[in-house]
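Structural description and commentary
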Amino acid sequence: MAVKGCMFDFSSTLFHLEDAESWLRAVAGDAGLAVGEDEVRLWAGRLRDFGAVPGGPAPTDAGPELTRLWQERDLDVVRHRAAYTGLLRAAGLPWPELIDALYERHMTAPAWQPYPDTREVLSTLHGNGVGVVVVSNIGYDLRPIFRHHGMDAYVDAFVLSFEHEIQKPDPRLFRIAYDHLGLSGADVAMIGDDRVADAGAAALGSPVHFVDPLPVTERPDALRRLLPHLL
């Protein structure tokens with residue numbers, strides 16, 4: 001069924017964050033720190049398993065305070081930074097001088113890569129008069145990332161959790177997106193990778209389509225294959 005507007009999640013839907021090894025390697029290199037490849041792989045794996053890698057799995061053994069911070073991390077910038085820097089410290093990273101730089105790195109445009117079909121899908125929707133809103137649980141501004149990759153012109157609005165202190169699946173965040181589009185319910189589709197957070201739009205009547213949160217090289221056309229359901 002054709003829709004008049006589309007809401008898109010950001011991470012692992014439109015863009016994918018660099019892997020933990022690249023993240024750690026880049027920051028160590030910028031700091032002039034000699035870290036061998038075996039150490040990079042070892043600590044990238046440990047940080048990922050602990051839940052300290054942005055975009056990675058949830059922490060499983062971080063204690064109640066850090067777990068609560070992680071669950072609330074996208075409500076504001078303070079909790080977002082505290083959650084990830086706290087998890088990096090708790091994981092025992094042997095280079096504490098890298099903690100702030102690791103946090104800063106994951107918010108930069110070079111750390112994010114669009115999926116191969118992201119530009120095509122956003123530009124096709126834009127060209128057909130379908131409004132696009134990025135609705136993301138996130139603790140920082142995504143607009144510079146879209147500008148860096150030359151895709152900001154295809155997005156009509158950004159509805160970011162930290163700017164409203166509301167996290168998906170709370171329906172209030174989707175309603176803000178509706179207001180930007182001047183649409184609601186079945187006229188607006190939601191596309192995301194989180195079967196809980198993004199599914200919240202279904203309660204308001206929006207059709208919801210899911211993509212798998214795979215690395216960029218393993219998901220060449222999942223968004224493109226959704227276009228017949230949107231146009």
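For clarity, every value in this text was computed on a predicted model and none was experimentally measured. (Residues numbered from 1 in each chain as written. Predicted model: local features only at pLDDT ≥ 70, side-chain atom pairs only at ≥ 80, totals over all residues. Heavy atoms only, no water.)

On to the pairing of strand β4 (residues 131-136). As a general feature of sheets, a regular strand has side chains that alternate between the two faces. Counting buried residues along β4, six of its six residues qualify, which places the element largely inside the surrounding structure. Side chains Gly 131, Val 133 and Val 135 of β4 all project onto a buried face; the interleaved residues Val 132, Val 134 and Ser 136 project onto the opposite face, where all are buried too. Examined bridge by bridge, strand β1 (residues 5-8) and β4 share four bridges and lie parallel to one another. Pairing of Gly 5 across the sheet is with Gly 131, part of β4. Relative to strand β5 (residues 157-160), β4 is paired through four bridges, and the arrangement is parallel. Each bridged residue has a counterpart across the sheet, and for Ser 136 the counterpart in β5 is Leu 160. A crossover links β4 with its parallel partner β5, the connecting element being helix α7 (residues 143-148), and its sense is right-handed. (Buried < 20%, exposed > 50% of the residue type's maximum accessible area, 1.4 Å probe, protein only. Helix = DSSP H or I, 4+ residues; strand = E, 2+ residues; numbered from the N terminus. Pairing = 2+ DSSP bridges. Right-handed = clockwise from strand over helix to strand, strands pointing away.)

Here we come to the packing of aromatic side chains. The tally for this structure, following the rule as stated, stands at six aromatic pairs. Ring centres 5.3 Å apart and planes at 35° place the aromatic pair Phe 10 and Phe 15 in the tilted group. For the pair Phe 10 and Phe 15, a shared accessibility class is recorded, and that class is buried. Ring geometry for Phe 10 versus Trp 112: centroids 4.6 Å apart, planes at 50°, classification tilted. Residue Phe 10 is located in the loop between β1 and β2 (15-17), and its partner Trp 112 is located in strand β3 (residues 112-114); the two are separated by 102 residues in the primary sequence. Both residues of the pair, Phe 10 and Trp 112, count as buried. Here the aromatic cluster, defined as three or more aromatic residues joined through ring pairs, consists of Phe 10, Phe 15, Trp 112, Phe 146 and Phe 158. The ring of Trp 70 has Arg 73 lying over it, and the distance from NZ or CZ to the ring centre is 3.8 Å. Here the basic side chain of Arg 219 rests over the ring of Tyr 115, its NZ or CZ set 3.5 Å away from the ring centre. (Phe/Tyr/Trp six-rings, centres within 6.5 Å; stacked < 30°, edge-to-face > 60°. Lys NZ or Arg CZ within 6 Å of the ring centre and 35° of its normal.)

Attention now goes to helix α4 (residues 77-90). Residues lying three or four places apart along an α-helix face the same way, a consequence of the helix completing one turn every 3.6 residues. With 14 residues, α4 extends 20 Å from end C-alpha to end C-alpha; this agrees with the ideal 20 Å at 1.5 Å per step. If you check which residues of α4 are buried, you get His 80, Ala 83, Tyr 84, Thr 85, Gly 86, Leu 87 and Leu 88. Check the buried side of α4 and you find it contacts α1 (20-30), α2 (37-50), α3 (64-71) and α5 (99-105). Backbone geometry just downstream of α4 places Gly 92 in the positive-phi region, at approximately 85°. (Expected span 1.5 Å × (residues − 1). Contact = heavy atoms within 4.5 Å.)

With that out of the way, let us pick up the sheet that holds strand β6 (residues 188-192). Taken together, five strands build an open sheet; the order of strands is β5-β4-β1-β6-β7 and the sheet is parallel. Of all strands in the sheet, those bounded by a partner on one side alone are β5 and β7 (208-210). Neighbour to neighbour, the strand axes of the sheet diverge by 20° on average, direction disregarded. Looking at chain direction, β6 and β7 are connected through three bridges and run parallel. Of the residues in β7, the one forming a bridge with Ile 191 is His 209. Each of β1, β4, β5 and β6 is contacted by helix α9 (residues 171-181), which is oriented at about 160° to β4, the strand it contacts most. (Axes fitted to C-alpha atoms, helices over the stretch in contact; angles between N-to-C directions.)

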